[in-house]
Amino acid sequence: MKDAELRERARQVIPGGMYGHLNAAIFAPGYPQFFARGEGCRQWDVDGREYIDFMCSWGPVVLGHRHPVVEEAAARQLAEGDCLNGPGPVMVELAELLVDTIPSADWAMFSKNGTDATTQALMVARAATGRTKVLMAHGAYHGADPWCTPSTAGTTPNERADLVEFAYNSLESLEAAAATVEGDVAAIIVTPFKHDSFEDQELVEPAFARGARALADRLGAALVIDDVRAGFRIDLRGSWEQYGVRPDLTAWSKAMANGYPIAAVTGVDALRGPAQTLYSTGSFWFSAVAMAAAKATIETLRDTDGIATMFRSGTRLREGLYAQAKAHGFTVNQTGPVTIPWLSFDGDADLSTAMYWSDACLRNGVYIHPWHNWFLSAAHTEDDVARALEGTDRAFAETRAHLGS
Ligand code: PMP
């Protein structure tokens, strides 16, 4: 077992053997830690087991692993150079593409990770308003810097002192949060839907989205949408465009470059000046390969209507899973957009059934997650979903046999 050997070696040289969201110790017991390869909607672990992949590397892989158009664009750029004394022309081309694609974007700044983008967006908001406080939803994930990491280990209370929490989808709660820091709100930061781990997802109430926009306007604060997780899987124009709600600032990353490391903040004209005042940078933030990959990814999603493809396969998956669960005598809840789905079992507060089922899915060649939402990619064909459903059906049967009727 290569995975077991690697874990043992990792324990000697990596704290805890692994850290962060990819630490397999926090998944069900059968999850491999190390992976060897990916192609389309499939991944192979280091022991050669093949999975139909519904995590898409936790979001980044939106067109499928090793997508030829993206790989070609990245390879072409790599042959010229990646990390140079300054960015390549592709930085301007990518910013132009974002400005052309996203109605709320008049400009773009680039970095590497979602956390860079959420942090940078709040810096722009604070630079613009001269205020300190940020309203954020209770339990929302905005990244792993000291101001937002869910574990407070290694952080100080001061680093979070400027956050005021509200309950997602409650305008009343949002307004109450604002009232506690009247006159000092720099920003409202909010994800396009509620996708907290360990619980059913919740789509945004359009009235909440519009109310958040109106409140930000009334307060003179920036409305920041954290589209790091949902971006490029709901609507290329921005995830609240369908509700007619446009943010002042948006944080993007994950799916932007089909797995290449890049993040962006886009913003409205009024915040261009404040954005310019920041000293916000990084050694690798201007690397050209990820920018070339991002440009190819967004163009391909646009030209092939990739999001519609994901919605079709996600709908088939959801319908199939509902039918199977019912046939095996389970009541399940499937929540969130079909392109970023999650399934929970009724009455499974400790997630033990979800853990067993996800492990059984894994044994049957389907990689899903027991407590974090999954991701579809445009590489999932109807055939792949049908194949995956064969695996999930066996997993439901095994779970039923394990639990008894
Ligand atoms: N915001 C949201 C909504 C996220 O889902 C994530 C990553 N899961 C982040 C921010 C942070 O992104 P990163 O891990 O790339 O720093």
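Please read all numbers here as calculations on a predicted model, not as lab measurements.

## Some thoughts on the pairing of strand β10 (residues 222–226)
Point 1. Across the five residues of β10, five count as buried, placing the element largely inside the fold.
Point 2. Every second residue of β10 is oriented toward a common face, with Ala222, Val224 and Asp226 on one face and Leu223 and Ile225 on the other, all of them buried.
Point 3. Note that strand β7 (residues 185–190) and β10 share four bridges and pair parallel. Its bridge partner being in β10, isoleucine 189 is matched across the sheet by valine 224.

## Some details on the domain arrangement of the chain
Point 1. Here the chain is described as being made up of domain 1 (2–65 + 305–403) and domain 2 (68–304).
Point 2. Using only C-alpha atoms to locate each centre, domain 1 and domain 2 end up separated by 26 Å.
Point 3. Contact with domain 1, which involves 29 residues of that partner, is made by 26 residues of domain 2.
Point 4. Both sides together, the interface formed by domain 1 and domain 2 hides about 2200 Å², and carbon and sulfur atoms give 59% of it.
Point 5. For the pair domain 1 and domain 2, the number of links is zero salt bridges.
Point 6. Every element with two or more residues in the side of domain 1 that touches domain 2 is listed here: α9 (306–327), β13 (332–335) and β14 (342–345).
Point 7. Broken down by element, the residue count for the side of domain 1 that touches domain 2 peaks at five residues, all from α9.
Point 8. Of the residues that constitute the side of domain 1 that touches domain 2, the class distribution is 17 nonpolar, 11 polar and one charged.

## A word on the pairing of strand β4 (residues 107–111)
Here is the key point about a regular strand: its side chains alternate between the two faces of the sheet.
Point 1. Most of β4 sits out of view: five of its five residues are buried.
Point 2. Every second residue of β4 is oriented toward a common face, with Trp107, Met109 and Ser111 on one face and Ala108 and Phe110 on the other, all of them buried.
Point 3. Pairing geometry for β4 and strand β12 (residues 263–267), over five bridges, is antiparallel. Across the sheet, the residue bridging to methionine 109 is valine 265, located in β12.

## A short note on the site of the ligand
Point 1. In the vicinity of the ligand, the contacting residues are Asn113, Gly114, Thr115, Tyr141, His142, Gly143, Thr191, His195, Asp226, Val228, Arg229 and Lys254.
Point 2. At 2.7 Å, a backbone N or O of glycine 114 approaches an oxygen atom of the ligand.
Point 3. In the model, an oxygen atom of the ligand is placed 2.5 Å from a nitrogen or oxygen of the threonine 115 side chain.
Point 4. When the free accessible area of the ligand is taken as 390 Å², the share hidden by the protein chains comes to 87%.
Point 5. Considered class by class, the residues forming the shell around the ligand number two nonpolar, seven polar and three charged.

Definitions and limits used
- Residues numbered from 1 in each chain as written.
- Predicted model: local features only at pLDDT ≥ 70, side-chain atom pairs only at ≥ 80, totals over all residues.
- Heavy atoms only, no water.
- Buried < 20%, exposed > 50% of the residue type's maximum accessible area, 1.4 Å probe, protein only.
- Helix = DSSP H or I, 4+ residues; strand = E, 2+ residues; numbered from the N terminus.
- Pairing = 2+ DSSP bridges.
- Domains from an automatic or database assignment.
- Contact = heavy atoms within 4.5 Å.
- Buried area = accessible area lost by both parts, 1.4 Å probe.
- Salt bridge = Lys/Arg side-chain N within 4 Å of Asp/Glu carboxyl O.
- Nonpolar A, V, L, I, M, F, W, Y, C, P; charged D, E, K, R; others polar.
- Near = heavy atom within 4 Å.
- Polar contact = N/O pair within 3.5 Å; in protein donor to acceptor, adjacent residues only side chain to side chain.
- Areas by Shrake-Rupley, 256 points an atom, 1.4 Å probe, with all protein chains shown as cover.

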